[in-house]
Amino acid sequence: MNELIGSGIVLLALAAAVGLAVRSLWKSHKAGGHCNGDCGSCGGCRHGR
């Protein structure tokens, strides 16, 4: 039974981490912080410099 509880806790922690990562990516995308493929006008990465 302890193994099941331990696995459940690990699974919940992993799901929370993935959820927070997806939320962060989504918020960044909504705020215009995503790459549009035009590195010449981006200025947000080293490739366009």
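Refer to the structure presented above.
The present account deals with the structure reproduced in this document. (Residues numbered from 1 in each chain as written. Predicted model: local features only at pLDDT ≥ 70, side-chain atom pairs only at ≥ 80, totals over all residues. Heavy atoms only, no water.)

What follows concerns the overall build of the chain. For the chain, the count of helices and strands is two helices and zero strands. A buried classification covers 0% of the 49 residues belonging to the chain. Element-wise, carbon and sulfur atoms account for 64% of the exposed surface of the chain, whose accessible area totals about 4500 Å². (Helix = DSSP H or I, 4+ residues; strand = E, 2+ residues; numbered from the N terminus. Buried < 20%, exposed > 50% of the residue type's maximum accessible area, 1.4 Å probe, protein only. Areas by Shrake-Rupley, 256 points an atom, 1.4 Å probe, with all protein chains shown as cover.)

This part takes up helix 1 (residues 2-30). The terminal C-alpha atoms of helix 1, which comprises 29 residues, lie 42 Å apart, in line with the 42 Å expected from a rise of 1.5 Å per residue. G32 occupies a position one or two residues after helix 1 and carries a positive phi of about 85°. (Expected span 1.5 Å × (residues − 1).)

Nonpolar side chains collect at one region of the surface, where M1, L4, I5 and I9 lie side by side and expose about 480 Å² of accessible area between them. Tracing the sequence through the fold places L4 in helix 1. The exposure class of L4 is exposed, given its relative accessible area of 61%. (Patch = residues over 30% accessible without salt bridge, like charges linked within 9 Å, V, L, I, M, F, W, Y side chains within 5 Å. Salt bridge = Lys/Arg side-chain N within 4 Å of Asp/Glu carboxyl O.)

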